[in-house]
Amino acid sequence: MRRPTADTARPNVSAAAHKFALGTLVTLVGKSDQTLFKVTRLLPDGGAGLQYRIKSEQEGYERVVIEVLLERARK
């Protein structure tokens, strides 16, 4: 019987990387007013995908959203 090595002992799991960095300006997909939000924190995958904490200057609170609901703001 072969002994497991470091390469075979664990399944090949790739860590997902966040698409947007801290401080990146983003908009919410499908929101017509194109409010700009700044990424304030990178959060782990909550089961539905990588998450971000975002904040706009117009709102007094932060939102937590999944990555697929964000797109990079157009300059």
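Report follows, based on the coordinates. (Residues numbered from 1 in each chain as written. Predicted model: local features only at pLDDT ≥ 70, side-chain atom pairs only at ≥ 80, totals over all residues. Heavy atoms only, no water.)

**Brief notes about the sheet that holds strand E1 (residues 25–28)**
Reading across from one edge, E4-E3-E2-E1-E5 is the order of the 5 strands in this open sheet, with antiparallel pairing throughout. Of all the strands in the sheet, the pair left with one neighbour each is strand E4 (62–66) and strand E5 (70–72). Taking the axes of each pair of neighbouring strands and ignoring which way they run, one obtains an average angle of 50° across the sheet. As paired strands, E1 and E5 are joined by 3 bridges and run antiparallel to one another. Bridge pairing in E5 links Leu28 to Leu70. (Pairing = 2+ DSSP bridges. Helix = DSSP H or I, 4+ residues; strand = E, 2+ residues; numbered from the N terminus. Axes fitted to C-alpha atoms, helices over the stretch in contact; angles between N-to-C directions.)

**Structural notes on the nonpolar core**
In this structure, Phe20, Val26, Leu28, Phe37, Val39, Tyr52, Ile54, Val65 and Leu70 together form the largest nonpolar core, which totals 9 residues. Listing elements by their share of this core, those giving two or more residues are E1, strand E2 (37–43) and strand E3 (51–55). Those residues within four positions of Val65 in sequence are excluded, and the remaining contacts are Leu28, Leu50, Gln51, Tyr52, Ile54 and Leu70. (Core = buried A, V, L, I, M, F, W, Y, C linked by side-chain atoms within 4.5 Å. Buried < 20%, exposed > 50% of the residue type's maximum accessible area, 1.4 Å probe, protein only. Contact = heavy atoms within 4.5 Å.)

**Digging into the pairing of E1**
Two elements, E1 and E2, share 2 bridges in a ladder whose sense is antiparallel. Note that in E2 the partner of Val26 across the bridge is Phe37.

**Quick notes on the environment of Arg72**
Within the secondary structure, Arg72 is located in strand E5. Setting aside chain neighbours within four positions, we find Arg72 in contact with Lys19, Phe20, Thr24, Leu25 and Val26.

**Overview of the pattern of salt bridges**
Following the criterion strictly, the structure yields 2 salt bridges and no others. Here Glu62 and Arg53 are joined by a salt bridge, their closest N and O atoms 3.5 Å apart. By relative accessible area, Arg53 is classed as partly exposed at 29%. For Glu59, the salt bridge identified is with Arg63, shortest N-O distance 2.6 Å. With relative accessibility at 16%, the residue Glu59 sits in the buried group. Residue Arg63 is classed as partly exposed on the basis of its relative accessible area, which comes to 23%. (Salt bridge = Lys/Arg side-chain N within 4 Å of Asp/Glu carboxyl O.)

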